[in-house]
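# Coordinate inspection notes
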Number of protein chains: 2
Amino acid sequence: MSETVGFIGLGNLGLPIASNLLDAGYSLTVYNRTAGKAAPLVEQGARLASCPADTVTPAGIVMTLLWDDESVESIVMSDGFLERLGTGGIHVGMSTISPEMAKKLAAIHAEHGSVYMEAPIFGRPEAAVARKLTVPFAGPEQVKERVRPILKAMGGEGLFDFGEEVGAATAVKLIGNFLIVSAGQSMLEALTMAEKNGVDPKPVVDMLTQTLFSAPIYQSYGKMIAEKQYSQFTQSKIPLKDVGLFQKTAQQVQSPTPISSLLHDILESAQKQA
Amino acid sequence: MSETVGFIGLGNLGLPIASNLLDAGYSLTVYNRTAGKAAPLVEQGARLASCPADTVTPAGIVMTLLWDDESVESIVMSDGFLERLGTGGIHVGMSTISPEMAKKLAAIHAEHGSVYMEAPIFGRPEAAVARKLTVPFAGPEQVKERVRPILKAMGGEGLFDFGEEVGAATAVKLIGNFLIVSAGQSMLEALTMAEKNGVDPKPVVDMLTQTLFSAPIYQSYGKMIAEKQYSQFTQSKIPLKDVGLFQKTAQQVQSPTPISSLLHDILESAQKQA
């Protein structure tokens, strides 16, 4: 609780997570490109930083929850960020980025005496509010020990340790997001077939999600599809970006990508229709 | 219990199901193309029929659990089958066939005074032994009422009524099998990517199946993939046949098939490598 934590990125997930850390007693210094978003946190006791480096306490912990590789890298490379963090400092990356970038960030931090660890987050904003996130994480043992109470304060019981090598948890995050998109698009294809055959999709979803597919993903996406709310998801830029990262990461190690490549094409078309 | 039931098709699922019906007190007359497979059932008290029509009690119930459209149709059209079943007779089709064939069988039976109802089965042989099957079913209300105790004796609590129109439950069965194949192949693609990135697939499966994908299908197929036992499944002819039926059924109603078409291609290649 004595930690002062820097928190950068106050989007749909960042806001409730930062709020839960404040509730847990952490002192937070927050930064967001659009500063206005920080207002509820400032009211809750957070300090608003004027630039990314201003969130950093020397030898402290700073967390980022941003859009993509480039946005995380630009924060790390911003004026004074690495210099201020310095020896003993920890950067906890929570964004969905490429394992390649995660390793690059680890190397950059190592050059400056600080350590990068990864803790990307599975969960919708409601799950963040409820502290029911799934968080695969990886990084050097000592660093994880220091960060674990913070992860627990934001994620609850859903912490999964993927070892010391940075990149592993990020790969796991891409795997999860690819499987989510695959499950969603497959259900869309299946339930469209049902409907066009005169079979109401709702009881189909009910049966599947009570039996073979009794998992949160099938329950929530099945409901969205049956209620014609699913295009919100395919037209968002997130699945397209994440399936693209999965595909690129697989291709870099000559791992076959038939399904992810097809899904990427499908999502790209959905974007054009949006 | 007073029903004498005909049971045709004693494969990996048929055998344990027939055995459970005998245990439940039904008198069974069984038939299988390879008669030797019936031996344990005969020992348990079943009568062995010499031909399909010989399983039929006039105005009785006869159940089929066979390989495909053609094998079910050939039983129904075999000498004396329809004539013997006659008015008040019920044929319960449990095979995974096309909705088109299910409707055709319903029409053929109607011409002969008998009724066809469908009750295709989800479940591995172990689940059949344990009476933990998932059984979507459809057919005329009165017929379902008479058959329901039999379905319960074989499937337990997993019965799902999809209305009176034959074809609906068969479509649902194809949907389920398509989603199973899609989940399996997507996990294979995902876990291969993990492994080639130096990430052990086992803890990845553990995390996913404890959280977002906490469903029986992901648990059993994830385990198979992590233990390198999955090619048994892709090299079996069942997923190829069923994804093909899904695809054909969808195409007949102009429902898009991007994922099922890709999966069909992938499974066809896997067959060639088998």
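Preceding this paragraph is the structure being described.
Residues numbered from 1 in each chain as written. Chains lettered and ligands numbered in written order. Predicted model: local features only at pLDDT ≥ 70, side-chain atom pairs only at ≥ 80, totals over all residues. Heavy atoms only, no water.

## Brief notes about the sheet that holds strand β4 (residues 61–64) of chain B
Residues and elements named next belong to chain B. Note the threshold: If DSSP finds at least two bridges between two strands, the strands pair. Each helix is a run of H or I in the DSSP string that is no shorter than four residues. Each strand is a run of E no shorter than two, and both are numbered from the N terminus. In this analysis, two residues are considered to be in contact whenever any of their non-hydrogen atoms come within 4.5 Å of each other. Helix axes use the C-alpha atoms of the stretch in contact, all axes being lines fitted to C-alpha atoms, and the angles between their N-to-C directions lie in the range 0 to 180 degrees.
In spatial order, the strands read β3-β2-β1-β4-β5-β6; together these 6 strands make up an open sheet with parallel pairing. Among the strands making up the open sheet, the edge pair consists of β3 (47–48) and β6 (115–118). The pairing of strand β5 (residues 90–93) with β6 spans 4 bridges and is parallel. Pairing of I90 across the sheet is with V115, part of β6. Contacts from helix α1 (residues 14–23) reach β1 (4–8), β2 (27–31) and β4 within the one sheet, and its direction differs from that of β1 by about 170°.

## A look at the relation of the copies chain A and chain B
Here is the rule: Least-squares superposition aligns the copies on the C-alpha atoms of those residues with pLDDT at or above 70 in both.
Of the transformation superimposing chain A on chain B, the axial component is 0.0 Å and the angular component is 180°, with the fit at an RMSD of 0.0 Å. Considering both components of the superposition, the chain copies are consistent with a two-fold axis. When C-alpha positions in chain A are compared against the rotation axis, the closest is assigned to A:A215, at 2.5 Å. By residue overlap, the copies meet face to face through one surface: 100% of the interface positions of chain A are interface positions in chain B.

## Examining the interface of chain A and chain B
Let me state the cut-off plainly: Reported buried area values correspond to the accessible surface (1.4 Å probe) lost by two parts on association, with both partners' losses combined. A pairing counts as a salt bridge when a side-chain nitrogen of Lys or Arg comes within 4 Å of a carboxyl oxygen of Asp or Glu. Any pair of nitrogen or oxygen atoms within 3.5 Å is treated as a polar contact; in protein, a donor-acceptor pairing is required on top of that, and neighbouring residues in sequence qualify only through side-chain atoms on both sides. Lys, Arg, Asp and Glu make up the charged group, whereas Ala, Val, Leu, Ile, Met, Phe, Trp, Tyr, Cys and Pro make up the nonpolar group; the residues left over, Gly among them, are polar.
Contact residues are listed per partner, giving 54 residues for chain A and 54 residues for chain B. In total, chain A and chain B occlude about 4,700 Å² of area from one another, counting both sides; carbon and sulfur atoms represent 77% of this. Taken together, chain A and chain B are joined by 0 salt bridges. There are 13 residue pairs in polar contact (both at pLDDT 80 or more) connecting chain A and chain B. Contributing elements (two or more residues each) for the side of chain A that touches chain B: α8 (168–196), α9 (201–210), α10 (216–226), α12 (237–252) and α13 (258–273) of chain A. Sort the elements by how many residues they give to the side of chain A that touches chain B and α8(A) lands first, with 20 residues. Looking at the side of chain A that touches chain B, its residues break down into 37 nonpolar, 15 polar and 2 charged.

## So, the sheet that holds strand β4 (residues 61–64) of chain A
Residue and element names in this part refer to chain A. Read from one edge to the other, the open sheet built from 6 strands follows the order β3-β2-β1-β4-β5-β6, with strand pairing classed as parallel. The sheet is open, and its two edges are formed by β3 (47–48) and β6 (115–118), each paired on a single side. Examined bridge by bridge, strand β2 (residues 27–31) and β3 share 2 bridges and lie parallel to one another. Across the sheet, V30 pairs through a bridge with L48, a residue of β3.

## A look at the packing of aromatic side chains
Aromatic rings in a pair are described by how distant their centres are and how their planes are angled relative to each other. Put simply, the test is: Ring pairs shown here join Phe, Tyr and Trp side chains whose ring centres sit within 6.5 Å, with only the six-membered ring taken for Trp; geometry is labelled stacked below 30 degrees between planes, edge-to-face above 60, and tilted in between. Buried, partly exposed and exposed residues are distinguished by accessible area as a fraction of the type maximum, computed with a 1.4 Å probe on protein chains only: under 20%, between the cut-offs, and over 50%, respectively. To sit over a ring, a charge needs its Lys NZ or Arg CZ within 6 Å of the ring centre and within 35 degrees of the ring normal.
Counted by the stated rule, this structure contains 11 aromatic pairs over all chains. Look at A:F213 and A:Y218: their rings are 4.6 Å apart centre to centre, the planes differ by 35°, and that puts the pair in the tilted class. On the accessibility criterion, A:F213 (0% relative accessible area) is buried. In this structure an aromatic cluster arises from ring pairing among A:F213, A:Y218, B:F213 and B:Y218. Geometry around A:W67 places A:K241 over its ring, the cationic atom sitting 4.6 Å from the centre.

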